[in-house]
Amino acid sequence: MRIAVDAMGGDHAPVEVVKGCVEASRLISHEICLVGDEPRIREELAKYEYNRNQVTVKHAPDVITFEEAPVRAIRTKKESSMVVGINMVKDGEAAIFISAGSSGAIMAGGLFILGRIPGIDRPAIAATIPMLKTGGVALIVDAGANPECKVENLMQFAVMGNLYCKSVFDMEAPRIGLVNMGTEAGKGSGTLKTTYEELTASSLNFVGNVEARDLQESVCDVILCDGMVGNVLLKNLEGTAKTIMSIIQAKFTENVRTKMGAALLLPQIRELKKMFDYSEYGGAPILGVKGALIKMHGSYKANGVKNTILKAIPYAENNVVASIEESVAAMSAAASKEEESSEQQ
C-alpha cells in the first residue's frame, strides 16, 4: 500500500514532515510517498538513513498557502503538492493522502477532485480526542467543516462516525452522543430535537444528549455536533490541556522542594504530558468524499506526522470509504421503500 504525504503543507514543512515520514517508515512495511518540491525534499532526506524503496518522492513544484482562497487554489494550482496528492488517490496511485496544509483547500480538493459519496450531502472532519480516565479515544464529527447543519447532515455524520470507529478503533457498537445544552430529550434547537428523535429510532447505538463537561468522562464514542460546536470543543480541549501543563510546570519549578517532588514524579508527569499531547492521536479524516484523505494539524512536528501515518493505515486497509458508501446506499434504499409504502397507503 502506498501512503501519499504532502511534504510542503504545514507550519514546519518540509523539515518535520520528512522527518516524521522517515520515522514512520521504520515502523511499517508500506511505501510512503512524499509529494512536493523534489530538490527540497531530497535535501531533507539526505539527513537520514532510510529504505529508498520504501520512502519515495513525487515532484510537485507548487504549494497552496493558508492565505489563498481554497477553491481557486485547487482549480488553478494543478501542480501543487495538495492537488497532485489528491489526484494520486483518485487515480489509484495511493491508498490515502495526508496533509497539514489548508483545511479549506483539502476539503475543496476532496469535493472537486474526488467528489462526494453518493447520498452524502456534506463531508465532515472527524477529529480524535483522548478520554483521560479510560485511556481510550472518542471521535468528534463534525470538527469544523460545516458551521450549520440540517438533521440529515447530522444523521449522515453519525453513520460515518459509527463506521469509522468500528473499522479503525475496532469498536463493536460505538456509542453515539448528541452534543446539547442538557441531557433531556426536549433540550436544544428544533434541529437537535428532531435529530434526537431520528437517532432514537435508528439502529445506531444512540446514548442520548451529552453535555460538553462530560465528554472526557467517556460518555460516548462518537461526539455528534455541527462544525461550529465541534471546532470550539476541539480548540477548547487543546487550550485547556496546554494551560494545565503550563500550570503544572510552573508549580513544580517554584522552589527546591517542588523541583525535588517533580524529579520523583517525572515518569508520571511525562505520561500526563503525553496524554494531553494532541499530536499523539494523529490527524482527522475527511469523511464523506470518495477517497481516503486525512488532515493533520498545521503545527504538527515529526511525532504528529509519524502518528498520523500509523493511525491512517487501518482507515485505508479496512476500506472505510467503501463501507460508508455501502451503508449510505442501504439507508437511501430503505428510505425510498418507506416513502413508496407511505404513498401506497
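Up top is the structure these notes are about.
Residues numbered from 1 in each chain as written. Predicted model: local features only at pLDDT ≥ 70, side-chain atom pairs only at ≥ 80, totals over all residues. Heavy atoms only, no water.

1. A closer look at the environment of Met 171
So, step 1. Relative to the helices and strands, Met 171 is located in the loop between helix H6 (151-168) and strand S7 (175-179).
So, step 2. Taking C-alpha positions, Met 171 is 8.8 Å from Asp 221, a pair spaced 50 residues apart along the chain.
So, step 3. The residues touching Met 171, leaving out its near neighbours within four places in the chain, are Val 137, Cys 165, Lys 166 and Asp 221. (Helix = DSSP H or I, 4+ residues; strand = E, 2+ residues; numbered from the N terminus. Contact = heavy atoms within 4.5 Å.)

2. A short note on the environment of Ile 113
So, step 1. Mapped onto the elements of the fold, Ile 113 is located in helix H5 (residues 103-114).
So, step 2. Ile 113 sits in the buried class, given a relative accessible area of 12%.
So, step 3. The sequence separation of Ile 113 and Gly 92 amounts to 21 residues, and the corresponding C-alpha distance is 13 Å.
So, step 4. When neighbours within four sequence positions are excluded, Ile 113 is seen to be in contact with Ile 74, Val 83, Ile 86, Asn 87, Lys 90 and Ala 108. (Buried < 20%, exposed > 50% of the residue type's maximum accessible area, 1.4 Å probe, protein only.)

3. Quick look at the packing of aromatic side chains
So, step 1. Going through the model one piece at a time under the given rule, you end up with 3 aromatic pairs.
So, step 2. Ring geometry for Tyr 164 versus Tyr 315: centroids 5.4 Å apart, planes at 65°, classification edge-to-face. Highlighted residues: Tyr 164 in helix H6 and Tyr 315 in helix H11 (residues 302-317), separated in sequence by 151 residues. A single burial state applies to Tyr 164 and to Tyr 315, both of which are buried.
So, step 3. Where Tyr 196 meets Phe 206, the ring centres are 5.2 Å apart and the plane angle is 80°; that geometry is what we call edge-to-face. (Phe/Tyr/Trp six-rings, centres within 6.5 Å; stacked < 30°, edge-to-face > 60°.)

4. Side note on helix H8 (residues 227-252)
So, step 1. The terminal C-alpha atoms of H8, which comprises 26 residues, lie 38 Å apart, in line with the 38 Å expected from a rise of 1.5 Å per residue.
So, step 2. For H8, the full list of buried residues reads Gly 227, Gly 230, Leu 233, Leu 234, Ala 241, Met 245 and Ile 248. (Expected span 1.5 Å × (residues − 1).)

5. Details of H11
So, step 1. Helix length check: H11, at 16 residues, gives a terminal C-alpha distance of 23 Å against a target of 22 Å (1.5 Å per residue), a fit within 8%.
So, step 2. Lys 311 marks the point of greatest bend in H11, at about 25°, and the proline Pro 314 comes within the next four residues.
So, step 3. Within H11 the residues assigned to the buried category are Ala 302, Gly 304, Val 305, Lys 306, Asn 307, Thr 308, Ile 309, Ala 312, Ile 313, Tyr 315 and Ala 316.
So, step 4. Looking one or two residues beyond H11, the residue adopting positive phi is Asn 319, at roughly 50°. (Bend = angle between axes of the 7 residues up to and from the residue.)

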